[in-house]
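One-letter residues, chain by chain:
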Amino acid sequence: MKTGRLRKDAGVLGLLLAGVTTLIGSGWLFAPMSAARDAGPLSILSWVIASGVIALISLIYAELGPMFPKSGGLVHMSLVSHGRLLGRVWSWILFLAYISIAPVEAMAVVTYAGSYIHGLVDPQTLLLTGAGTWAAVGVLAALAALNFMVLRLVLLFNSIATWVKILTPVGTIAVLLAFSHHPSNLAVHTGVEHGWVAMLTTVSTAGVFFSLFGFSQPIALAGEAKDPGRALPIVVLGTTAIGAAIFILLQYAFVTAVPPELLAGSGWHGLSFGGVAGPFAGLAVVIGASFWATVLYADAIISPAMCGYMWVTTTPRILYAMGEEGLWPRFFTRVSSHGVPWVGVLATFLIGTLFLLPFPSWQKLVAYASSATVLSYGIGPVVLLAMRRAAPGSPRPFRLPAAALMAPLAFIASNFVMFWAGCAALSFLLALIAATFTGYALYCLLRGAGPTELAEWRHSAWLLPYFAGMWLICYLSPVSMGGIGYLDIFEGMAAIILLSLLTLHLALKSTLPPAAVAESYRAVTRSTPGPEA
């Protein structure tokens, strides 16, 4: 296959719609029901909290994104402040986050289809059957195949589908409020002992946070933007605002649309009605809006499929950036004559299928994806503060006000989301990171690390107490979160605050010298070299 270069075909609207389409994927179809069952009316506040966390993180990347206008920008920015070892570790984290999301969307398509195609989903556990797993693999393969189009056509196809996707949840809000509006539901008990605790954990475990992080898509596609300095701040902040508005209203509409008699028995925690694998369609039938259930079943194919389609588009850009920087084999920079990083697309499909095995349900995989993704964003506050110190005069199309306060808040909030996901998801993620980290350490030991590599280990040493501290706090967390119950959730959050501030302090003391940070920044933002032939 011939090779070429990534093309700069993406404008503001195309990038904005790329971000919005990842917002309106499987999350809007499943998360409101899961959140309501876990936290009742407090689930509305779960979306407010998640939106606040996303807003803090997106403000960090509204400044950083235009400073790294290359595809896979998150990889490039991770190299600047602490050297190549940190970049290597964080590129693994980014990959572990991005690679899991397209399988989530493929699983959602099959799960919703299980409402009318028997044999795909176990009706008792709502887990995929063997046939359902193979169907999800087929959906993932189709998404990968479609990505062999030129990016301009990818974004055009996505733009058309996104308008349909936006209208469907907005129409759902209107239909639910028109056919069944019971504000008295806001006073119905959650059905669980500690509603406020459920409100917080719901952010991570019910798909709430997962549904909102579409702003990373435009950053990953920055190298193909026509004017990234102008486009990225608009797109990052615009995507965040649109997502918050749609999902908060959608959760309110869902909570107040449930007929009160369905809550009379065991409250929200026992909420159940026909079509639970497709909760909005089931609710539409119950309230007498069966015509809208037909629309929802059609959108259950379009929304998650197009969302997965865009994640299969952006994940290869992460692999491309890793190959470009020499963090992974350089053959990942191979690009077709249409500007498609085809090796990365194939890898995204093949490795993505493996995530369907340990997480056979949408909600189980979402908890992992939320933890991995928010951890991948955690480098942003560190890089921003390091760049403010080392290169205060670098051009910034958007400059975050009060960065000394906002960056620590964003870092703390990110760690909260990981903590709320529970011990199982976080332990699985940290085990994957530890395995790759240990493998690389053994490689360096056997090969014989030179002075430069030893210095990079010193610059990255702050990762060890950070990861170990996160795991320890998770291990001591409440039994309901998978821990041993030594700490309650609020004591755990207090520990997270202390760990986050200590980690930031250690990270900033461990940065490269300011001149080296500035030189590293110049190196990673130079013109992209030609792809591997």
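Residues numbered from 1 in each chain as written. Predicted model: local features only at pLDDT ≥ 70, side-chain atom pairs only at ≥ 80, totals over all residues. Heavy atoms only, no water.

(A) Structural detail: the overall build of the chain. Along its length, the chain carries 22 helices and zero strands. Relative to its full complement of 533 residues, the chain shows a buried share of 62%. Of the roughly 18,600 Å² that the chain leaves accessible, carbon and sulfur atoms contribute 70%. (Helix = DSSP H or I, 4+ residues; strand = E, 2+ residues; numbered from the N terminus. Buried < 20%, exposed > 50% of the residue type's maximum accessible area, 1.4 Å probe, protein only. Areas by Shrake-Rupley, 256 points an atom, 1.4 Å probe, with all protein chains shown as cover.)

(B) Spotlight on the pattern of salt bridges. Taken as a whole and assessed by the stated rule, the structure comprises two salt bridges. Here Glu63 and Arg388 are joined by a salt bridge, their closest N and O atoms 2.9 Å apart. With Glu63 in helix H3 (residues 43–67) and Arg388 in helix H16 (residues 379–390), the pair connects residues that are 325 residues apart, well separated along the chain. Between Arg522 and Glu519 there is a salt bridge whose closest N-O contact spans 2.9 Å. (Salt bridge = Lys/Arg side-chain N within 4 Å of Asp/Glu carboxyl O.)

(C) Structural view of the environment of Gly25. Checked against the element boundaries, Gly25 lands in the loop between helix H1 (12–23) and helix H2 (26–39). For Gly25, a relative accessible area of 1% translates into the label buried. Ignoring any residue separated from it by four or fewer positions in sequence, one finds Gly25 in contact with Glu105, Lys165, Ser303, Pro304 and Cys307. (Contact = heavy atoms within 4.5 Å.)

(D) Molecular detail of helix H18 (residues 423–447). With 25 residues, H18 extends 35 Å between its outermost C-alpha atoms, agreeing within 8% with the 36 Å of an ideal straight helix rising 1.5 Å per residue. Of the positions making up H18, those classed as buried are Cys423, Ala425, Leu426, Leu429, Leu430, Ile433, Phe437, Tyr440 and Cys444. (Expected span 1.5 Å × (residues − 1).)

(E) Unusual backbone geometry, seen in detail. Although it is not a glycine, Ala402 adopts a positive phi angle of roughly 50°. Residue placement: Ala402 occurs in the loop between H16 and helix H17 (403–420).

(F) Local environment of the nonpolar core. Ranked by size, the top nonpolar core spans 179 residues in total, and within it Tyr61 and Trp90 carry the most contacts. At 15 residues, helix H13 (residues 290–324) tops the list of elements feeding residues into this core. (Core = buried A, V, L, I, M, F, W, Y, C linked by side-chain atoms within 4.5 Å.)

(G) The arrangement of the packing of helix H5 (residues 84–98) against H13 in detail. Orientation of H5 relative to H13, taken along the N-to-C sense of each, is 165°, at an axis distance of 10 Å. Judged on the interaxial angle alone, H13 and H5 are roughly antiparallel. For the crossing formed where H5 meets H13, the hand is left-handed. Contacts between H5 and H13 involve Ser91, Leu94, Phe95 and Tyr98 from the former and Trp311, Thr314, Thr315, Ile318, Leu319 and Met322 from the latter. Residues of the contact of H5 with H13, tallied by class, amount to seven nonpolar, three polar and no charged. (Axes fitted to C-alpha atoms, helices over the stretch in contact; angles between N-to-C directions. Parallel < 35°, antiparallel > 145°, perpendicular 65-115°, else oblique. Left-handed = near helix turned anticlockwise from the far one by under 90°. Nonpolar A, V, L, I, M, F, W, Y, C, P; charged D, E, K, R; others polar.)

(H) Structural detail: the packing of aromatic side chains. If you walk through the whole model with that rule in mind, you get 13 aromatic pairs. Plain terms: the ring middles of Phe291 and Trp292 are 6.2 Å apart, the flat faces sit at 70° to each other, and that makes the pair edge-to-face. With relative accessibility at 15%, the residue Trp292 sits in the buried group. Members of the aromatic cluster, joined through ring pairs, are Phe411, Trp462, Tyr466 and Phe467. (Phe/Tyr/Trp six-rings, centres within 6.5 Å; stacked < 30°, edge-to-face > 60°.)

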